[in-house]
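Chain residues, written in single-letter form:
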Amino acid sequence: MANAQDYFVYVTAESEDEVALIKFDGKNATIEQTIPVGIWPAEIEGPHGINVSPDGKYWYLSLAHGNPYGTLYKYATATNEVVDTVRLGLFPASLQISKATGLLYCVNFDLHGDMVPSTVSVVDPEEMIEIDRIETGVMPHGSRISANGLYHYSVGMMSGELFEISTTKLKVNRKLNLDGKAEEEPAMGGMDHSKMDHSKMGHSMMTESAPMYHSATKPTWAMPHPTNGKVYVAGNGTNDIVEVDLEKWEVTNRFPAGKAPYNLDVSPDGKYLVATYKGSGETGIWDLKKGKELPRIKNTRMVTHGVTISPDSKYAFVSVEGIGGEPGTVDIIDIKNAKKITSIDMGKQAGGIIFWKME
């Protein structure tokens, strides 16, 4: 084919301790390499967050489980071999390098800890040294950096907050409660326990030392638009996409979505937002100019997880965990036509996914 284009993505398999390098030629997908990760053969260390350096020479991977902390790994894309590692916080998750500072920012999700504010680790990716930790909310999850590299956005899944960090000043600029709760009301403590639904809480969420405000929105991802001054948040608990205006610093819209939206990405051309609906095994594509959702795509398996969009804004690559012993799957979707082109199976519990390059 005269104008053939190859696309390459990295995808984690959280229950296999593997990362798959997948190639898509516009019609079919193949696994080019399966890369074993981690150092403990007898344990599942859980590769979770993954991203590629702006120059494409390295990819970075957070291994969530450790003893007790998780680890950030640096790999060379030329060889897919480990270059260096650094220990981070409890259950490190999503991560990205700022084009403005050259530093890497990784949220410490703290999935199994007490319900207290956690942090964003700041790492020098050249030396692989953690240089700072910035306190944010309870269970900080999906995070992304603005197109100019100056601001890092993340969400506190259990405290229901959106955080804006200055990547140059290494501090929180602003925070926004996405549940509409009064700012002066503390996010933690002071709760009437008689009104809490304990059936939906783990033991660590009900400790006397850390009574907890339980967010209704339960935000799981924050994605800044490249040009329109908005950040889009996945309302995993409220089944909507929350639009935040950065100038006003307020919620300006809530788009009814599929069940349990989880991860988001915006096409580089700014036209579309793609959302994974973890609860219904679907992918949603939103025309942002019209504010309308295109026909939803049913994914190959259940438990839709991550999404990354190609630089030409043509394709969305969606990871699907599967259930039980099922393999993980990557579905490749034609964005403009809201149509699944092909899919490919990989290791169990496909999770974090990131675009690498086009050839």
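Every value quoted in this text rests on a predicted model; they were computed, and no experiment measured them.

**Q** Tell me about the packing of aromatic side chains, and please be specific about residues and values.
**A** Counted by the stated rule, this structure contains 14 aromatic pairs. A centroid spacing of 6.4 Å and a plane angle of 45° characterise the contact between Tyr 7 and Phe 317, whose relative ring orientation is tilted. Highlighted residues: Tyr 7 in strand S1 (residues 7-13) and Phe 317 in strand S26 (residues 315-320), separated in sequence by 310 residues. Seen from their ring centres, Trp 59 and Tyr 75 are 4.0 Å apart, and the 5° between their planes marks the pair as stacked. Of this pair, Trp 59 sits in strand S5 (residues 58-63) while Tyr 75 sits in strand S6 (residues 71-76), and the two are 16 residues apart along the sequence. With a relative accessible area of 1%, Tyr 75 lands in the buried category. Within the aromatic cluster, the residues linked to one another by ring pairs are Phe 8, Tyr 10, Trp 59, Tyr 73, Tyr 75 and Trp 356. One cation-aromatic arrangement involves Lys 74 over Tyr 58; the distance from NZ or CZ to the ring centre is 4.3 Å. Here the basic side chain of Lys 278 rests over the ring of Tyr 262, its NZ or CZ set 3.8 Å away from the ring centre.

**Q** With reference to specific residues and values, describe the environment of Thr 136.
**A** The topology assignment puts Thr 136 in strand S11 (residues 129-138). Here Thr 136 falls in the buried class, since its relative accessible area comes to 7%. Once residues within four sequence positions are removed from consideration, Thr 136 is found in contact with Pro 117, Ser 118, Thr 119, Val 120, Phe 163, Ile 165 and Val 172.

**Q** Describe the confidence of the model for the protein chain, listing the residues and the values that go with them.
**A** Scored by pLDDT, the protein chain comes out at a mean of 90, with 88% of its residues at no less than 70. Segment residues 182-210 is flagged for pLDDT under 50; beyond a separation of four residues in sequence, or across chains, it makes 33 contacts in the model.

**Q** Help me get a handle on the pattern of salt bridges, residues and values and all.
**A** Summed over the entire model, instances satisfying the criterion amount to nine salt bridges. The partner of Arg 296 in a salt bridge is Glu 293, with the nearest N and O atoms 3.1 Å apart. Assessed through its relative accessible area of 37%, Arg 296 is described here as partly exposed.

**Q** Could you give an account of the environment of Tyr 105, naming the residues involved and the relevant values?
**A** Considering the arrangement of structural elements, one finds Tyr 105 in strand S9 (residues 104-108). Placed 18 residues apart in sequence, Tyr 105 and Val 123 show a C-alpha to C-alpha distance of 6.4 Å. Not counting residues within four places of it along the chain, the set of residues in contact with Tyr 105 comprises Ser 94, Leu 95, Gln 96, Ser 98, Val 120, Ser 121, Val 122, Ile 145, His 152, Thr 167 and Leu 170.

**Q** Explain the sheet that holds strand S4 (residues 47-52) to me, and be specific about the residues and the numbers.
**A** The strand order across the open sheet built from four strands is S4-S5-S6-S7, with neighbouring strands paired in antiparallel fashion. Two strands bound the open sheet, and with one partner strand each, they are S4 and strand S7 (81-87). Each strand of the sheet is rotated relative to its neighbour by a mean of 20°, with strand direction disregarded. Note that S5 and S6 share six bridges and pair antiparallel. Counted as the bridge partner of Leu 63 is Thr 71 from S6.

Criteria and cut-off values
Residues numbered from 1 in each chain as written. Predicted model: local features only at pLDDT ≥ 70, side-chain atom pairs only at ≥ 80, totals over all residues. Heavy atoms only, no water. Phe/Tyr/Trp six-rings, centres within 6.5 Å; stacked < 30°, edge-to-face > 60°. Helix = DSSP H or I, 4+ residues; strand = E, 2+ residues; numbered from the N terminus. Buried < 20%, exposed > 50% of the residue type's maximum accessible area, 1.4 Å probe, protein only. Lys NZ or Arg CZ within 6 Å of the ring centre and 35° of its normal. Contact = heavy atoms within 4.5 Å. pLDDT = per-residue confidence, 0-100. Salt bridge = Lys/Arg side-chain N within 4 Å of Asp/Glu carboxyl O. Pairing = 2+ DSSP bridges. Axes fitted to C-alpha atoms, helices over the stretch in contact; angles between N-to-C directions.

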